[in-house]
Amino acid sequence: MTNRIDLAKKAPKVYRAMIALDAAAREGLDEQLAELVRIRASQLNHCAYCLNMHTVDARKGGETEARIYLLSAWEEAGDLYTEKEQAALRLTEAITVLSSHEYVSDEVYERAAKHFDEEELAQLIALIFTINSWNRIAVSTRKRPDVR
């Protein structure tokens, strides 16, 4: 499997807009929490490129190996993740896996709203839809991870 089109070269305005969106979406959020969200969405979207990038970044930011390894089973991992992180991960899953039967329920949204003020919640939602966009770019163009 080889890379397909290079979006940065062939649609540079779109790519620069994504970079600006990504920077804006991160504002005001805890970076460790943001990396967990990015990793979880990337797991759900099977985005090897983003998984590699964000697990490396999470480690550099002080995230533990155990929390990275167990992220795909965060609900079963007990209290390894804080209630706030769990709320963010549940919201990430709800927004990432939109199906005809499950949407972002009031329960999921309200749980997140208990842990994030309105500005933080807006930023979290922006972070989630931004990483989903990056995942779709990388998956559709078959961007290969830079294994470090």
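An account of the accompanying structure is given in this report. (Residues numbered from 1 in each chain as written. Predicted model: local features only at pLDDT ≥ 70, side-chain atom pairs only at ≥ 80, totals over all residues. Heavy atoms only, no water.)

A count of helices and strands for the chain gives eight helices and zero strands. Listing each helix as α and each strand as β along the chain from the N terminus yields α-α-α-α-α-α-α-α. Taking the principal axes of the C-alpha coordinates as reference, the chain spans close to 40 × 30 × 30 Å. For the chain, the residues scored as buried account for 38% of the 148 residues in total. In the chain, the share of contacts with a sequence separation of at least 24, taken over all contacts with a separation of at least 6, comes to 70%. Carbon together with sulfur atoms contributes 54% to the accessible area of the chain, which is approximately 8,700 Å² in total. A distance of 13 Å separates the average location of the 20 positive side-chain charges in the chain from that of its 24 negative side-chain charges. (Helix = DSSP H or I, 4+ residues; strand = E, 2+ residues; numbered from the N terminus. Buried < 20%, exposed > 50% of the residue type's maximum accessible area, 1.4 Å probe, protein only. Contact = heavy atoms within 4.5 Å. Areas by Shrake-Rupley, 256 points an atom, 1.4 Å probe, with all protein chains shown as cover. Lys, Arg positive; Asp, Glu negative; His and termini not counted. Charge placed at Lys NZ, Arg CZ, Asp CG, Glu CD.)

Our next topic: the nonpolar core. Among soluble globular proteins, nonpolar side chains are generally buried collectively. In terms of nonpolar packing, the biggest core is built from 15 residues, with Leu-91 and Leu-124 touching the most fellow members. Put simply, the parts of the chain that give this core at least two residues each are α3 (31-44), α6 (83-96), α7 (106-115) and α8 (118-140). In this view, Leu-91 contacts Val-104, Val-108, Ala-112, Leu-121, Leu-124, Ile-125 and Ile-128; residues no more than four positions away in its chain are not counted. (Core = buried A, V, L, I, M, F, W, Y, C linked by side-chain atoms within 4.5 Å.)

The contact between α3 and helix α4 (residues 48-60) brings their axes to 9 Å, and the two run at 155 degrees. When the axes of α3 and α4 are compared, the pair comes out roughly antiparallel. Crossing of α3 over α4 shows left-handed handedness. The residues of α4 that touch α3, namely those facing Glu-35, Arg-38, Ile-39, Ser-42 and Gln-43, are Cys-50, Leu-51, His-54, Thr-55, Asp-57 and Ala-58. Grouping the amino acids of the contact of α3 with α4 by side-chain chemistry returns four nonpolar, four polar and three charged. (Axes fitted to C-alpha atoms, helices over the stretch in contact; angles between N-to-C directions. Parallel < 35°, antiparallel > 145°, perpendicular 65-115°, else oblique. Left-handed = near helix turned anticlockwise from the far one by under 90°. Nonpolar A, V, L, I, M, F, W, Y, C, P; charged D, E, K, R; others polar.)

Here we come to the pattern of salt bridges. Throughout the structure, instances matching the rule amount to nine salt bridges. Note that Asp-22 and Arg-26 form a salt bridge whose closest N and O atoms lie 2.5 Å from each other. Separated by four residues within a single helix, Asp-22 and Arg-26 lie in helix α2 (residues 12-26), roughly one turn from each other. Take Arg-26: its relative accessible area is 32%, and that puts it in the partly exposed class. Because the salt bridges share partners, they merge into one network encompassing Glu-31, Glu-35 and Arg-38. (Salt bridge = Lys/Arg side-chain N within 4 Å of Asp/Glu carboxyl O.)

With that settled, consider α4. Because each turn of an α-helix spans 3.6 residues, side chains separated by three or four positions in sequence point in the same direction. Between its first and last C-alpha atoms α4 spans 18 Å; for 13 residues at 1.5 Å apiece the expected length is 18 Å, and the two agree. Buried residues of α4: Cys-50, Asn-52, His-54, Thr-55, Val-56 and Ala-58, and no others. Lining the buried residues of α4 we find α3, α5 (65-69) and α8. Phi for Gly-62, located one or two positions after α4, is positive at around 100 degrees. (Expected span 1.5 Å × (residues − 1).)

Its 23 residues give α8 an end-to-end C-alpha distance of 33 Å, which sits within 8% of 33 Å, the value for a rise of 1.5 Å per residue. By the burial criterion, the buried members of α8 are Leu-121, Leu-124, Ala-126, Leu-127, Ile-128, Thr-130, Ile-131, Asn-132, Trp-134, Asn-135, Ile-137 and Ala-138. Looking at the buried side of α8, the elements it contacts are α1 (7-10), α2, α3, α4, α6 and α7. Looking at where α8 begins, the residue whose side-chain oxygen comes 3.1 Å from the main-chain nitrogen of Glu-119 is Asp-117. (Polar contact = N/O pair within 3.5 Å; in protein donor to acceptor, adjacent residues only side chain to side chain.)

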